[in-house]
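Below, each chain spelled out in residue letters.
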Amino acid sequence: MSHDLREFPMTDSNFEHIRGVAYQRTGIVLGDHKREMVYSRLARRCRVLGVTNFDEYIHILESSEADELSHFVNSITTNLTSFFREGHHFEFLLETVLPEVFDANTATRRVRIWSAGCSTGEEPYSLAITVHKFLKKNVTRYKGWDVKILATDLDSNVLSHGRHGVYRVAGSDGLSAEDRREYFDELDQGNEHELIAKDKIRSLIIFNRLNLLHKWPMKGQFDVIFCRNVVIYFDKETQKVLFDRYANILKDPGYLMIGHSENLHRVTDRFKALGGTRYKKVC
Ligand SMILES: C[S@@+](CC[C@H](N)C(=O)[O-])C[C@H]1O[C@@H](n2cnc3c(N)ncnc32)[C@H](O)[C@@H]1O
């Protein structure tokens, strides 16, 4: 047993307990190397709650589940994201995927894209810009189609940021000057310039809280799923179940994009690898 002389002592068994709750509630695996990160993120909660050690924190976590659990989950998720991250996915979407899926949906005139693990919204807004460009180019053909991007995350803080659609200019590197002008209003806040998503992209997105491990409420199927830099925190067993469910909820043709350091090798054979972490459903 280690002795911890920090502001909030965290014993080995406290850490075991915390990582058990994290795994059970989110699927996120917290390895030993994450102990410092967990400490600093949860120390903030200890300060807010006025507790003096992790025994007390865990007691609150377990006793008032509904209240502290969502703060706990929001604290342990990693939300790093950016506009047009892994840009080749958006080029592929515009040039190959959207023409094919729109073509396949002429009977229903309906297209559905899912940003699963959308964080603060940069991914779904990048999807919305790409979809808007495609629709603008094909305006006579696809006018009046029902096109929506579902953006979901487990973390309620990042979701409300996405819903708000306000971003610091300083953190919007992935956006071209042209896209910034076309799809965002700029607000001068003194030292800080902010970008506010325009309605033409905002109206394409629905933000909803969803735990990927739980039952999904969606009734219809999807044409495209972006689930990028999410399963990197999950173990293989959780990934196997999740990708099987993605294959079930995707139409045929259906496309899946995952993060640059993720792969489906030994996880599922229900997708064909197209290179560059782009996949197409095969069965
Ligand atoms: C690193 S961000 C990725 C954001 C974006 N997809 C990207 O690639 O830029 C990972 C997101 O997955 C979310 N997440 C983690 N576990 C989840 C779960 N079980 N259900 C839903 N979202 C989850 C986190 O809250 C976080 O916002």
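Each residue is numbered by its place in its chain's sequence as written, counting from 1. Restriction of local features to residues with pLDDT of at least 70 applies here, the model being predicted, together with a cutoff of 80 or more for giving and counting side-chain atom pairs; totals for whole chains, interfaces and linings are based on all residues. In computing side-chain values, all of the structure's heavy atoms are included and hydrogens and water are not.

Quick word on unusual backbone geometry
That bond from Asp-252 to Pro-253 is cis: its omega, 5°, falls within 30 degrees of zero. Looking at the element boundaries, Pro-253 is found in strand 8 (residues 250–258). One non-glycine residue with positive phi stands out, namely Ser-119, at about 50°. By secondary structure assignment, the location of Ser-119 is in the loop between strand 1 (110–116) and helix 6 (122–137). The residue Asn-229 is not glycine, and still its phi comes out positive at about 60°. Looking at where Asn-229 falls in the secondary structure, it is placed in the loop between strand 7 (222–227) and helix 11 (236–249). Secondary structure elements follow DSSP: runs of H or I no shorter than four residues count as helices, runs of E no shorter than two count as strands, and numbering proceeds from the N terminus.

Quick look at the pairing of strand 5 (residues 192–197)
Two strands pair under a simple rule: DSSP has to find at least two bridges between them. Here strand 3 (residues 166–168) pairs with strand 5 via 3 bridges, running antiparallel. Bridging from a neighbouring strand, Val-166 pairs with Ile-196 of strand 5. Sheet analysis places strand 4 (residues 184–189) next to strand 5, joined by 6 bridges and oriented antiparallel. By the bridge assignment for strand 5, Asp-185 is matched with Ile-196. As consecutive antiparallel partners, strand 4 and strand 5 are separated by 2 residues, and within that stretch Gly-190 has a phi angle of approximately 75°, a positive value.

Describing the pairing of strand 10 (residues 278–281)
With 3 bridges connecting them, strand 8 and strand 10 associate as antiparallel partners. Opposite Tyr-255, over in strand 10, you have Lys-280 as the bridge partner. Here strand 9 (residues 271–273) folds back onto strand 10, and the loop between the two strands holds 4 residues, one of which, Gly-275, carries a positive phi near 90°.

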